[in-house]
Amino acid sequence: MSERAVRVLPWLWPVLLTLVITAPLLAPGYVVGYDMVFVPDLTVRLDLFGVTTAMPRAVPSDVIVAVLDEVVGGQVLNKIVLVAIPLLSGLGMTALWRELRLGTALPGAAAVTLFVWNPFVAERLRLGAWALLLGYAALPWLVRSALRLRKGSGWPGFLLASAGCALTASVGITG
């Protein structure tokens, strides 16, 4: 196998996993399940910020969805989130694996597979916990950027991964 293939193949594996996992979900229409509810037009309102007398449903994720909904629409945003969860998870684990130099491509692919698709992810996806899963996807990126931060670089990556973890309080605390 060529040196280029050895460098590129680990990055293609998460993309292939993402296609296998999300292909059935990418048909036209909305994928709706418990907490995964995207609507055709979610407007930015004060209650999305949690500053009214109404109980806040999901702060800050609803605000982010409302803002992005103005750009791409609810159905497209629904599909982007569904693809982003396994793709960012897999690419993040690949980046972390390569950063730590833990071994060859085969055990790295096994680690990526287990991180991308496991009972925790499957159950949370079924429950529609998309914000929690995006935060979960940010965790390997956060660890990788924290390692780079210790070496004196990586503030932008650390802040971006921290923001990804902060979509929900539980993953924010974990991060």
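Quick note: structure is the one above.
Residues numbered from 1 in each chain as written. Predicted model: local features only at pLDDT ≥ 70, side-chain atom pairs only at ≥ 80, totals over all residues. Heavy atoms only, no water.

1. Things to note about the nonpolar core
Okay, step 1: Formed by 29 residues in total, the largest nonpolar core has its most connected members in Phe38, Val81, Ile85, Trp130 and Leu134.
Okay, step 2: Every element with two or more residues in this core is listed here: helix 1 (3–22), helix 3 (74–100), helix 4 (105–116), helix 6 (130–150) and helix 7 (155–165).
Okay, step 3: The dominant element in this core, judged by the number of residues it contributes, is helix 6, at eight residues. (Core = buried A, V, L, I, M, F, W, Y, C linked by side-chain atoms within 4.5 Å. Buried < 20%, exposed > 50% of the residue type's maximum accessible area, 1.4 Å probe, protein only. Helix = DSSP H or I, 4+ residues; strand = E, 2+ residues; numbered from the N terminus.)

2. What about unusual backbone geometry?
The phi torsion of most residues other than glycine is negative, and most of the peptide bonds are trans.
Okay, step 1: You will see that Arg101, though not glycine, has its phi angle at about 50°, which is positive.
Okay, step 2: For Arg101, the location among the structural elements is in the loop between helix 3 and helix 4.

3. Some details on helix 4
Spacing of three or four residues puts side chains on the same side of an α-helix, whose turn is 3.6 residues.
Okay, step 1: Look at helix 4: 16 Å from first C-alpha to last across twelve residues, which is about the 16 Å you get at 1.5 Å a residue.
Okay, step 2: Looking at helix 4, one finds that the buried residues are Gly108, Val112, Phe115 and Val116. In a view along the axis of helix 4, the buried residues occupy a sector of 95°, so they form one face of it. Those residues of helix 4 that are exposed and angled more than 90 degrees off the buried face are Leu106 and Leu114. (Expected span 1.5 Å × (residues − 1). Arc of directions from axis to C-beta.)

4. Things to note about the pattern of salt bridges
Okay, step 1: Taken as a whole and judged by the stated rule, the model has four salt bridges.
Okay, step 2: Here Glu99 makes a salt bridge to Arg144, at a shortest N to O gap of 3.6 Å. Placement of the pair is Glu99 in helix 3 and Arg144 in helix 6, with a sequence separation of 45 residues.
Okay, step 3: The residue Glu123 makes a salt bridge to Arg124 at a minimum N-O spacing of 3.5 Å.
Okay, step 4: Here the salt bridges do not stand alone but share partners, grouping Glu99, Arg144, Arg148 and Lys151 into one network. (Salt bridge = Lys/Arg side-chain N within 4 Å of Asp/Glu carboxyl O.)

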